[in-house]
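# An overview of the molecular structure
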Amino acid sequence: MGMTDKQFQGFISLSLELIDKAVEKSPDNEELKKLKDIFQLMLEDGN
């Protein structure tokens, strides 16, 4: 069972919010920053 585009974008948006909060708590964490960039690109590509 797959996700619709709208469901996928919602999942990515929610995940991105959580990643943003994690980056705020650990601004020096380069892995989190890379993950944020990847999720942001996924969201932009979906539009």
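In case you missed it, the structure is sitting above this.
Every value quoted in this text rests on a predicted model; they were computed, and no experiment measured them. (Residues numbered from 1 in each chain as written. Predicted model: local features only at pLDDT ≥ 70, side-chain atom pairs only at ≥ 80, totals over all residues. Heavy atoms only, no water.)

## Focus: the nonpolar core
- Core analysis: the largest hydrophobic core is formed by seven residues, namely Ile12, Leu16, Ile19, Val23, Leu32, Phe39 and Leu43.
- Looking at this core, the elements that each hand over two or more residues are α1 (5–25) and α2 (30–45).
- Per element, the largest residue contribution to this core is four residues, and it comes from α1. (Core = buried A, V, L, I, M, F, W, Y, C linked by side-chain atoms within 4.5 Å. Buried < 20%, exposed > 50% of the residue type's maximum accessible area, 1.4 Å probe, protein only. Helix = DSSP H or I, 4+ residues; strand = E, 2+ residues; numbered from the N terminus.)

## Comments concerning the side chain of Ser15
- By the secondary structure assignment, Ser15 is in helix α1.
- Polar side-chain contacts of Ser15 include one of 2.9 Å to the backbone oxygen of Phe11. (Polar contact = N/O pair within 3.5 Å; in protein donor to acceptor, adjacent residues only side chain to side chain.)

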